[in-house]
Amino acid sequence: MGIQAKKTVFGGKLTAKVNLCQKGLVQASEALVRYYKALDLGTYELVKGFAAQEVYDYLKPIVEASAKRLVPRRTGLRGGASWHAVEDISQEVISALLTKVVAGSAKRRFDPSKRDLGAFIWVVVDRTIISGICRKKIPACFSTFEIAESLVQCHRSPDLVEQLDSQKQKADLLQAFEILPESTRLVITRVFLEGEGKKKIAHSMGRTAPFVTREIAKGIMMLKAIYQHRAKAGSWPAQVPQKASAPRLDA
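Attention in this report is confined to the structure presented alongside it. Computed from a prediction, not measured in an experiment: that's the story for all the values here.

## Describing the pattern of salt bridges
Side chains bearing opposite charge may pair, as long as their charged atoms lie close to each other. For the coordinates displayed, the defined rule picks out five salt bridges. Its salt-bridge partner being Lys-48, residue Glu-45 comes within 3.0 Å of it at the nearest N-O pair. Within this pair, Glu-45 and its partner Lys-48 are both found in helix α2 (residues 45-75), separated by three residues, close to a single helical turn. For Glu-45, a relative accessible area of 61% gives the class exposed. Put simply, Glu-215 and Lys-218 hold a salt bridge, and the shortest N to O gap is 2.9 Å. Of this pair, Glu-215 and Lys-218 both sit in helix α9 (residues 209-233), three residues apart, roughly one helical turn.

## Re the packing of α2 against helix α3 (residues 79-99)
Relative orientation of the contacting elements α2 and α3 amounts to 135°, with a least axis distance of 8 Å. Put simply, α2 runs oblique to α3. Crossing angle aside, the handedness with which α2 passes α3 is right-handed. Contacts between α2 and α3 involve Ala-52, Val-55, Tyr-56, Leu-59, Lys-60, Val-63, Glu-64, Ala-67, Lys-68, Val-71 and Pro-72 on the former and, on the latter, Ser-82, Ala-85, Val-86, Glu-87, Ile-89, Ser-90, Gln-91, Val-93, Ile-94, Leu-97 and Leu-98. Within the contact of α2 with α3, the residues separate by chemical class into 15 nonpolar, three polar and four charged.

## Looking at the side chain of Ser-29
Within the fold, Ser-29 resides in helix α1 (residues 3-41). For Ser-29, a relative accessible area of 12% gives the class buried. Once residues within four sequence positions are removed from consideration, Ser-29 is found in contact with Phe-110, Pro-112 and Leu-117.

## Re the nonpolar core
Tyr-35, Leu-59, Leu-117, Ile-121, Val-125 and Ile-216 are the most contacted members of the largest nonpolar core, which totals 58 residues. Those elements that provide at least two residues to this core are α1, α2, α3, α4 (117-134), α6 (167-179), α7 (182-193), α8 (198-205) and α9. Residues contacting Val-125, with those up to four places away along its chain left out, are Val-63, Ser-66, Ala-67, Leu-70, Ile-89 and Val-93.

## Some points on α2
The end-to-end C-alpha distance of α2, which contains 31 residues, comes to just 38 Å, noticeably less than the 45 Å that a straight helix rising 1.5 Å per residue would cover. The sharpest bend along α2 measures roughly 40° and falls at Leu-59, with the proline Pro-61 sitting one to four residues further on. Taken from the residues just after α2, Gly-76 is the one with a positive phi, measuring 80°.

## As for unusual backbone geometry
Even without glycine at this site, Arg-108 takes up a positive phi of about 70°. Assignment of secondary structure puts Arg-108 in the loop between α3 and α4.

## Some points on a nonpolar patch on the surface
A cluster of nonpolar side chains, contributed by Tyr-44, Leu-46, Val-47 and Phe-50, occupies part of the molecular surface with about 510 Å² of accessible area. Mapping Phe-50 onto the fold places it in helix α2. Its relative accessible area of 58% is what places Phe-50 among the exposed residues.

## Concerning the packing of aromatic side chains
As enumerated under the stated definition, the model contains three aromatic pairs in all. Ring plane angle 55° and centroid distance 6.3 Å describe the contact between Tyr-35 and Tyr-36, whose orientation is recorded as tilted. Between Tyr-227 and Trp-236, the ring centres sit 5.5 Å apart and the planes meet at 80°, which makes this aromatic pair edge-to-face. The class for Tyr-227 is buried, based on a relative accessible area of 0%. The residue whose ring lies beneath Arg-207 is Phe-211, and the NZ or CZ to ring-centre distance is 3.8 Å.

## Examining the packing of α7 against α8
The geometry of α7 relative to α8 is characterised by a closest axis approach of 10 Å and an angle of 145° between their N-to-C directions. In the crossing of α7 with α8, the sense of the turn from one axis to the other is right-handed. Listed contacts from α8 to Leu-186, Val-187, Arg-190 and Val-191 of α7 are Lys-200, Ile-201, Ser-204 and Met-205. Among the residues making up the contact of α7 with α8, the classes are represented as five nonpolar, one polar and two charged.

Cut-offs used in this document
- Residues numbered from 1 in each chain as written.
- Predicted model: local features only at pLDDT ≥ 70, side-chain atom pairs only at ≥ 80, totals over all residues.
- Heavy atoms only, no water.
- Salt bridge = Lys/Arg side-chain N within 4 Å of Asp/Glu carboxyl O.
- Helix = DSSP H or I, 4+ residues; strand = E, 2+ residues; numbered from the N terminus.
- Buried < 20%, exposed > 50% of the residue type's maximum accessible area, 1.4 Å probe, protein only.
- Axes fitted to C-alpha atoms, helices over the stretch in contact; angles between N-to-C directions.
- Parallel < 35°, antiparallel > 145°, perpendicular 65-115°, else oblique.
- Left-handed = near helix turned anticlockwise from the far one by under 90°.
- Contact = heavy atoms within 4.5 Å.
- Nonpolar A, V, L, I, M, F, W, Y, C, P; charged D, E, K, R; others polar.
- Core = buried A, V, L, I, M, F, W, Y, C linked by side-chain atoms within 4.5 Å.
- Expected span 1.5 Å × (residues − 1).
- Bend = angle between axes of the 7 residues up to and from the residue.
- Patch = residues over 30% accessible without salt bridge, like charges linked within 9 Å, V, L, I, M, F, W, Y side chains within 5 Å.
- Areas by Shrake-Rupley, 256 points an atom, 1.4 Å probe, with all protein chains shown as cover.
- Phe/Tyr/Trp six-rings, centres within 6.5 Å; stacked < 30°, edge-to-face > 60°.
- Lys NZ or Arg CZ within 6 Å of the ring centre and 35° of its normal.

What follows is the structure, encoded as structure tokens:
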């Protein structure tokens with residue numbers, strides 16, 4: 001088989017995979033809309049049960065795909081621990097999408113006319129993971145800073161600094177925290193060093209829980225960029241590298 005033929009075959013497989021993924025998103029989106037209609041019309045529980053099962057069947061692989069990518073990134077968990085977290089997060093997300101919607105209300109609903117289902121699910125899964133970390137429901141073994149020569153495993157507990165292996169690791173972590181913007185540093189410190197919950201932090205800062213969620217996600221990305229800069233340049237950056245942009249959390 002020639003190079004061109006191989007490219008054609010590979011391109012055909014990739015296109016088929018993309019089309020299959022897109023078809024799954026469309027089917028899941030349509031299933032959600034049917035479930036909302038059944039809920040609004042007050043149909044028999046059996047009918048609503050069938051509609052909910054259809055949503056579950058179509059959404060499960062989509063939610064799991066997002067969770068498989070986000071759980072290791074947000075928590076540092078690997079192997080069996082990551083698999084269990086993915087299962088728990090997936091069930092929680094799907095359950096919330098089915099049970100937290102209210103008949104006749106657009107709140108907490110996915111609107112296919114306003115956004116893409118894949119992006120919507122990604123944000124919901126991300127928020128659920130961060131919320132799980134804050135509620136200590138997810139045992140976050142924070143190996144987020146996976147730089148070969150600057151590995152720092154941050155176990156979320158009030159004794160984090162004491163658990164680090166060496167004085168240098170402790171000093172490095174605190175130095176990295178100092179580079180973060182003030183509000184982000186405050187949130188990250190209170191969540192991962194002091195073990196405080198998201199609602200408590202939000203209340204004391206006079207902000208909302210979603211604000212704290214965004215600061216946590218932003219802080220994680222910034223810390224990764226800071227450690228990557230240090231590993232490459234051999235010195236700490238004066239400020240957070242530009243590539244550490246904040247994720248979209250606007251679902």
